[in-house]
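Coordinate analysis (summary)
For reference, the chains in residue letters:
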Amino acid sequence: MANRLTENEITERIEHWQDCDKSSQVACARFGLNRRSFDRFLDKYNKEAKESAISRGEFDQTKIKIITKPKAGEVKRFILTSAQNNTKVHAGFMVNLEAYAEKLNAQIKVSRFTYNKTAFVQNRKQGDDEVTEDIYYDPAIAGYVSDEIESLAPSLVWCANLQILPTAVNPTSGFDDYTKTASSIIPHTRVSMRPVPTPRKFQTKHLYTTGCCTLKNYIMAKAGQKAEFHHTYGALMVEVMADHSWFVRQLVGDKHGTFNDLTVQVKNGVVSTQDCVEAIQWGDIHYDNIDKTIETMFWASGDSVIDTLKPAVQLFHDLVDGNSHNPHEIKHHLNQYRKHKKGTRNVQAEYDNARWFLDKYTCRNWCKSYVIWSNHDEFLRRFLEDSNYKTDYENRRFILETELAVTLQIDKDPNQAPSYFTNALRSKKATVLNRDVGALNIKGVLCDFHGNNGSGGARGSATGFSKSGYKTMTGHSHAAWWVAGATSAGTCSKLYLGYNNGLSSWSHTFTVLYKSGKRCQVTANAKTGRWRA
């Protein structure tokens, strides 16, 4: 517990505040406090401030502290989490965070928040020197306290000044523009991630929440009981490069505090390199429109994602783009003529390319591939139902052979429902799924939902899947989400495909599922050609 202020210290603070034209924002810096803490000091100790409280205030928003960028060739790393008042830290998790920070020369930052539990005071952040008998924090975080808003990079802000109750169901609600155009990291007991629609010229903005390093400590009423269920021992790993680019990954601990970060496991204070990854769900592939930088980064470079993480399983959504037979463009005669001139109307060629990508380019002997049934797979069925082999000379043979293959399967067993897509793809290495029923369970996470279908045939979303109570990994939206037990990956395609006009939430994000059943979201940067520091 911190010592109370002496009379001389109180007088010094008040006189300095008066010298600063009674601006808390200016005066607080000298004493290592943030503005909110200094205002509370004035409320408690300064009679003049109490009597004229209505005259107090600031012209400007709380100023953002700028963290200096790393030198060329260097990387700055931060581990960000949050802590609740009057609550012990999870000792195992905290030891592991400290061990990992020491290994990487990373800086731990812990944002403190208060929760009104019986006699505790609500909606306050305490300054270092004004902790009372009612409000205190575990001494284990004393050296890591971070309650200021800080710019870790020009487009990434650590909002440690925020006080958000742990019972908030959607802790990022209302903060879309809080840091203007920069992505925001918000301290909270939940781990979450969501995009903010952004002009396509710029990197997609995301809002992240951190998870918590303190134990579960809630009022056992409805709001507290729900918050206890979603309470996550977690932190964010932030890597900032000299060119101002950055990467954020979730560090989610189990009940013992053990966590993974890509190829690293941190357990009992020991950092070790292991094969930690069970599965990777790539962003939607759309092979005919794949971003070639992403393609190389994920499967072909010396630091390729697949050869670095070595997952036991890889999951492909929307493998075939359907560009050659897109039903939404069938009546657009200029688009059809453009495809004819470019040689991209041949359906057989598109499926041959996808099969080569699946069975040759991405295939690894130690990794099982699944193709998840997706909405673009349905393009083929719609094309075959509406096409005419008598007039479509380019696709005549493909149409007839595919229809014959499906017909023969029905002749063999009238009860089965053969798939046009599976017959057209003819993969020899991958398992191709034809429905989304929750049958593919990997480490407790359902992985065979593409995400386009929600409840009762309604449009799917990560928020909708999160309400099911099942952990799910989906795609479809091309945007990265993490809502409770539901995650959604981004895309491997180009970030503009001609139809996603206006602001966009798309990103090159893939989901990593660890052998522990925990997950993280990794967003690659196609401009720099990197997916981690």
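Going by the structure above, here's the rest.
This text gives an overview of the structure that appears in the document. This structure is a prediction, so every number in the text was calculated from the model and none was measured. (Residues numbered from 1 in each chain as written. Predicted model: local features only at pLDDT ≥ 70, side-chain atom pairs only at ≥ 80, totals over all residues. Heavy atoms only, no water.)

Notes on the overall build of the protein
Secondary structure summary: the protein contains 14 helices and 24 strands in total. With respect to the three principal axes, the spread of C-alpha positions in the protein is 95 × 45 × 45 Å. For the protein, buried positions account for 54% of its 533 residues. Counting contacts in the protein only where the partners sit at least 6 residues apart, residues at least 24 apart contribute 66% of the total. Of the charged side chains in the protein, 69 are positive and 57 negative, and the gap between their average positions amounts to 3 Å. (Helix = DSSP H or I, 4+ residues; strand = E, 2+ residues; numbered from the N terminus. Buried < 20%, exposed > 50% of the residue type's maximum accessible area, 1.4 Å probe, protein only. Contact = heavy atoms within 4.5 Å. Lys, Arg positive; Asp, Glu negative; His and termini not counted. Charge placed at Lys NZ, Arg CZ, Asp CG, Glu CD.)

A look at the packing of aromatic side chains
Two numbers describe a pair of aromatic rings. These are the distance of the centres and the angle of the planes. Inspection of every chain in the model, using the stated rule, returns 24 aromatic pairs. Between the aromatic rings of W299 and F316, the centroid separation amounts to 6.4 Å while the plane-to-plane angle is 20°, which identifies the pairing as stacked. Here W299 is found in helix α7 (residues 292–299), whereas its partner F316 is found in strand β15 (residues 313–317), with 17 residues between them in sequence. Note on accessibility: W299 and F316 belong to one class, buried. Both rings, one in Y351 and one in F421, keep their centres 5.8 Å apart while their planes meet at 65°; by these two values the pair is edge-to-face. Of this pair, Y351 sits in helix α10 (residues 347–361) while F421 sits in helix α13 (residues 420–425), placing them 70 residues apart in sequence. Grouping aromatic residues by their ring pairs yields a cluster made of W282, Y287, F298, W299, F316, W356, F357, Y361, F510 and W531. One residue, R13, lies across the ring of F41, its end atom 5.2 Å from the ring centre. Sitting above the plane of the Y137 ring, R112 keeps its charged end 5.0 Å from the centroid. (Phe/Tyr/Trp six-rings, centres within 6.5 Å; stacked < 30°, edge-to-face > 60°. Lys NZ or Arg CZ within 6 Å of the ring centre and 35° of its normal.)

With respect to the state of the cysteines
Going through the model one piece at a time under the given rule, you end up with zero disulfides. Between C367, a cysteine without a disulfide, and C363, which holds the nearest cysteine sulfur, the sulfur-to-sulfur distance is 8.1 Å. Exposure remark for C367: the relative accessible area of 8% places this residue in the buried category. Distance from the sulfur of C492, which forms no disulfide, to the nearest cysteine sulfur (C367) is 14 Å. The exposure class of C492 is buried, given its relative accessible area of 0%. (Disulfide = S-S within 2.5 Å.)

Regarding the sheet that holds strand β9 (residues 234–241)
Pairing in this open sheet of four strands is mixed, and the strands run β3-β2-β9-β10 from one edge to the other. Every other strand in the sheet has two partners, leaving β3 (107–113) and β10 (246–252) as the edge strands with one partner each. Averaged over all pairs of adjacent strands, the angle between strand axes in this sheet comes to 25°, irrespective of strand direction. Sheet topology places strand β2 (residues 75–84) next to β9; six bridges connect them, and they run antiparallel. Each residue of the ladder has a partner; that of F78, found in β9, is V238. (Pairing = 2+ DSSP bridges. Axes fitted to C-alpha atoms, helices over the stretch in contact; angles between N-to-C directions.)

Describing the nonpolar core
Of all hydrophobic cores here, the largest spans 43 residues; its most connected members are W282, I285, F298, W299 and F510. Examining the composition of this core, we find that five residues originate from one element, α10, more than from any other. Residues in contact with F298, not counting those within four places in the same chain, are W282, S304, V305, I306, C492, F510 and A524. Membership of the second largest hydrophobic core comes to 22 residues, among which are V89, Y100, C213 and Y233. (Core = buried A, V, L, I, M, F, W, Y, C linked by side-chain atoms within 4.5 Å.)

Concerning unusual backbone geometry
Look at N268: it is not a glycine, yet its phi comes out positive at around 55°. Mapped onto the elements, N268 comes out in the loop between β12 (264–267) and β13 (270–273). Even without being glycine, H476 reaches a positive phi, approximately 80°.

A look at the pairing of β15
The element β15 is largely enclosed, with a buried count of five among its five residues. Side chains V313, L315 and H317 of β15 all project onto a buried face; the interleaved residues Q314 and F316 project onto the opposite face, where all are buried too. Relative to strand β16 (residues 368–372), β15 runs parallel, the two being bridged by five bridges. Paired with H317 across the bridge in β16 is I372.

Focus: the pattern of salt bridges
Tallied over the entire structure, the rule returns 18 salt bridges. When the shortest N-O distance is used, the salt bridge between R30 and E12 registers 3.0 Å. Linking R30 in the loop between α2 (24–27) and α3 (35–45) with E12 in helix α1 (residues 7–19), this pair joins segments that are 18 residues apart in sequence. In this structure, the salt-bridge partner of R381 is E385, at a minimum N-O distance of 3.0 Å. Taken together, the residues R381 and E385, both in helix α11 (residues 378–386) and four residues apart, mark about one turn of the helix. Here the salt bridges share partners, and the residues they tie into one network are R77, E239, R249 and D261. (Salt bridge = Lys/Arg side-chain N within 4 Å of Asp/Glu carboxyl O.)

Description of the packing of α11 against helix α12 (residues 396–412)
Between α11 and α12, whose axes approach to 11 Å, the crossing angle comes to 105°. With respect to their mutual orientation, α11 and α12 come out roughly perpendicular. Within the contact between the two elements, α11 uses L380, F383 and L384 and α12 uses F398, I399, T402 and E403. (Parallel < 35°, antiparallel > 145°, perpendicular 65-115°, else oblique.)

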